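The primary structure of each chain is shown beneath.
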Amino acid sequence: GMILKIISAFDEGVCKLVLPMRGLLRQLTDNEEGVDNFSVETLERILTKQETRIAMLWTDNEKTLVGMGMLFLRHEALKITGFIGEVVVDEPYRRRGCARMINECLIAKAREMGVCFIELTSKQERAEAIALYKSFGFIKPMTHYFRLYL
């Protein structure tokens, strides 16, 4: 059995979760710049933002963090939008439906909070992840996406 919890900046002791999260996040391969995007300071800043919700999947004794994902809320003039990122499942627990459970939890939380749409990105070569996102109904919108690195 697994335990799935969603946490936010309002939860007590949220910063104690930085180290287990950091271990999982280091498994992500999206780090083109070769920079440690997951420093303790960065994670504490993300965890204490009111706009962040984090789904955390634990073993049933809550000793091992198995997987996680983040929902970032963006309050715009007339709507709330969301972005799902940093979804990762520890290697030994992959292909057991963990990523599906994490995403379902984040989508339900977004719906509950009145989010009108959720965005996410995935590398083209991550066929399994793309298939998972499409199974939820994610589509590729017909827009031009621009990025400025600061």
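Everything that follows concerns the structure shown earlier in this document.
Below is a summary of the structure that appears in this document. (Residues numbered from 1 in each chain as written. Predicted model: local features only at pLDDT ≥ 70, side-chain atom pairs only at ≥ 80, totals over all residues. Heavy atoms only, no water.)

Some details on the pattern of salt bridges
Here is step 1: One pass over the structure, following the stated rule, counts six salt bridges.
Here is step 2: Between Glu 91 and Arg 94 there is a salt bridge whose closest N-O contact spans 3.2 Å.
Here is step 3: Using a relative accessible area of 28% as the deciding quantity, one classes Arg 94 as partly exposed.
Here is step 4: In this structure, Glu 112 engages Lys 109 in a salt bridge whose closest nitrogen and oxygen atoms are separated by 2.9 Å. Of this pair, Glu 112 and Lys 109 both sit in helix H3 (residues 98–112), three residues apart, roughly one helical turn. (Salt bridge = Lys/Arg side-chain N within 4 Å of Asp/Glu carboxyl O. Buried < 20%, exposed > 50% of the residue type's maximum accessible area, 1.4 Å probe, protein only. Helix = DSSP H or I, 4+ residues; strand = E, 2+ residues; numbered from the N terminus.)

Observations regarding the pairing of strand S4 (residues 80–89)
Here is step 1: Counting buried residues in S4 gives seven out of 10 residues, a clear majority hidden from the surface.
Here is step 2: With eight bridges connecting them, strand S3 (residues 65–75) and S4 associate as antiparallel partners. Within S4, the position partnered with His 75 by the bridge is Ile 80.
Here is step 3: Between the end of S3 and the start of S4, which pair antiparallel, lie four residues.
Here is step 4: Following the backbone out of S4, through H3 and into the adjacent parallel strand S5 (residues 117–119), one traces a crossover that is right-handed. (Pairing = 2+ DSSP bridges. Right-handed = clockwise from strand over helix to strand, strands pointing away.)

Re the sheet that holds strand S2 (residues 52–59)
Here is step 1: Across the sheet, five strands lie side by side as S1-S2-S3-S4-S5; this open sheet has mixed pairing. Since the sheet does not close on itself, it has two edges, and those belong to strand S1 (2–8) and S5, each with one partner. When the angles between neighbouring strand axes are averaged without regard to direction, this sheet yields 25 degrees.
Here is step 2: The pairing of S4 with S5 spans three bridges and is classified as parallel. (Axes fitted to C-alpha atoms, helices over the stretch in contact; angles between N-to-C directions.)

Quick look at the packing of aromatic side chains
Here is step 1: In total, this model carries one aromatic pair according to the counting rule given.
Here is step 2: Centroid distance Tyr 133 to Phe 138: 6.0 Å. Interplanar angle 75 degrees. Geometry classified as edge-to-face. Note on accessibility: Tyr 133 and Phe 138 belong to one class, buried.
Here is step 3: Over the face of the ring belonging to Phe 136 we find Arg 100, whose NZ or CZ atom lies 4.9 Å from the ring centre. (Phe/Tyr/Trp six-rings, centres within 6.5 Å; stacked < 30°, edge-to-face > 60°. Lys NZ or Arg CZ within 6 Å of the ring centre and 35° of its normal.)

Describing the packing of helix H1 (residues 18–25) against helix H2 (residues 40–47)
Here is step 1: Where H1 contacts H2, the two axes come as close as 10 Å, and the packing angle between them is 110 degrees. Here H1 lies roughly perpendicular to H2, going by the angle between them. Two packed elements cross with a definite hand, and for H1 against H2 that hand is right-handed. Note on element contacts: H2 touches H1 through Val 40, Leu 43, Glu 44 and Leu 47, opposite Val 18, Leu 19, Met 21, Arg 22 and Leu 25.
Here is step 2: For the contact of H1 with H2, the per-class residue count stands at seven nonpolar, no polar and two charged. (Parallel < 35°, antiparallel > 145°, perpendicular 65-115°, else oblique. Left-handed = near helix turned anticlockwise from the far one by under 90°. Contact = heavy atoms within 4.5 Å. Nonpolar A, V, L, I, M, F, W, Y, C, P; charged D, E, K, R; others polar.)

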